[in-house]
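# A look at the structure
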Amino acid sequence: MNVLLHGINILPEFQNYIQQLIQIFEKQGVRVLMTKSLYQCMGKDSKKHALPSLLTSNTPLDSLDFVLSIGGDGTLLDTISLIGAHQTPILGINTGRMGFLATIAKEEIELAVKDLLADRYSLEDRSLVCLESSIPLFDGMNFGLNEFTIHKRDTSSMITVHTYIDGDYLNSYWADGLIVSTPTGSTGYSLSCGGPLISPLAKNFVITPVSPHNLNVRPIVVSDDSEISFKIEGRSEKFLVSLDSRSTPIDASVTLKVKKEKFVAKLVKFHNYSFFDTLRQKLNWGYDMRN
């Protein structure tokens, strides 16, 4: 078995848990690789502990059995960009705060590895959003797990986003921006802008305006078989588009269309995991502030 560890800006107090993780795998005869970003974080301790081999451009990604994303949900999004269409199963180990995607706490690492090696898990297919544009964007990584966003740039003026569903006119959003979210992304930026929560395996997109001028404009849920296209207007000549945490400026001449990506992100889920348990825990549902 080949396992890749990926992390970004790991805090020193968490590095001992990573060493524990490496030792557990190696005792079981698992070959461990490490991305450059995580290797650099761990490099200060290299004199105390031998580090695994570094992932290089010559390493075939399809040779990996699992990728362990060590960090928060943002690290897991970066992991999906790294893996892309290879669809390698990803396990998220949470060193952050919210952890809707990275669900394994540091105290649960040893048990999680045992369950992984004993095949006591399932794979959950998470749909991705795919961007098609008239010019190349995002260095070919034109997909995202959470959302695609159009946003104003360098101006206090709102923008107008004319939006079409399968070629049919939906609405002209006069707002700071517009989000097209996957079910996974419904707990992210879309939620903070008033969008609904959606079960991860639902077959939908959510279109959510960012600070709309008209208060009667509300988020709308559409089928993820839809193709959603846009025309942008505004006083500024430049706008921002983003896929998850990656952003780039464009001008109004660029045509944009989003749809469901052909491949998926495969997330490792253990049998005691429940999305609804996570919602209650992270959002404090059922918690009485008076007590």
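In this report, we go over the structure that sits alongside the text.

Each value, and the rule that gives it
- Residues numbered from 1 in each chain as written.
- Predicted model: local features only at pLDDT ≥ 70, side-chain atom pairs only at ≥ 80, totals over all residues.
- Heavy atoms only, no water.
- Axes fitted to C-alpha atoms, helices over the stretch in contact; angles between N-to-C directions.
- Helix = DSSP H or I, 4+ residues; strand = E, 2+ residues; numbered from the N terminus.
- Parallel < 35°, antiparallel > 145°, perpendicular 65-115°, else oblique.
- Left-handed = near helix turned anticlockwise from the far one by under 90°.
- Contact = heavy atoms within 4.5 Å.
- 1 Å grid on protein atoms, 1.4 Å probe; cavity = no way out; pocket = protein on both sides within 12 Å on 5 of 7 lines; lining within 4 Å.
- Points joined across faces, edges and corners; volume = space filled by probe spheres on them.
- Nonpolar A, V, L, I, M, F, W, Y, C, P; charged D, E, K, R; others polar.
- Buried < 20%, exposed > 50% of the residue type's maximum accessible area, 1.4 Å probe, protein only.
- Pairing = 2+ DSSP bridges.

Turning our attention to the packing of helix α1 (residues 15–27) against helix α4 (residues 109–117). Packing of α1 against α4 leaves a shortest axis separation of 10 Å and a crossing angle of 30°. The angle between α1 and α4 falls in the class roughly parallel. Relative to α4, the crossing made by α1 is right-handed. Each of Tyr17, Gln20, Leu21, Ile24 and Phe25 in α1 lies in contact with α4, whose residues at this interface are Ile109, Glu110, Val113, Leu116 and Leu117.

Another point: empty space enclosed by the protein. Inspection of every chain in the model, using the stated rule, returns two cavities of 30 Å³ or more. Quantified by volume, the largest cavity comes out at close to 60 Å³. Every residue along the wall of the largest cavity is listed here: Phe100, Leu101, Arg126, Pro183, Thr184, Ser186, Thr187, Ile198, Pro200, Tyr273 and Phe275. Each residue belonging to the lining of the largest cavity can be placed in one class, and the counts come to seven nonpolar, three polar and one charged. Along the walls of the second largest cavity sit Ile80, Ile83, Gly84, Gln87, Thr88, Ile90, Leu128, Val264, Ala265 and Lys266, which together make up its complete lining. Sorting the residues of the lining of the second largest cavity by element identifies α3 (73–83) and β19 (265–270) as the ones contributing at least two each. Classifying every residue of the lining of the second largest cavity gives six nonpolar, three polar and one charged.

Counting buried positions over the seven residues of strand β13 (residues 204–210) gives six, a clear majority of the element. With five bridges connecting them, strand β12 (residues 177–181) and β13 associate as antiparallel partners. Residue pairing across strands places leucine 178 opposite proline 209, the latter belonging to β13. As paired elements, β13 and strand β14 (residues 220–223) share four bridges and run antiparallel to each other. Its bridge partner lying in β14, isoleucine 207 is registered against isoleucine 220.

By themselves, these are just geometric observations and shouldn't be taken as functional.
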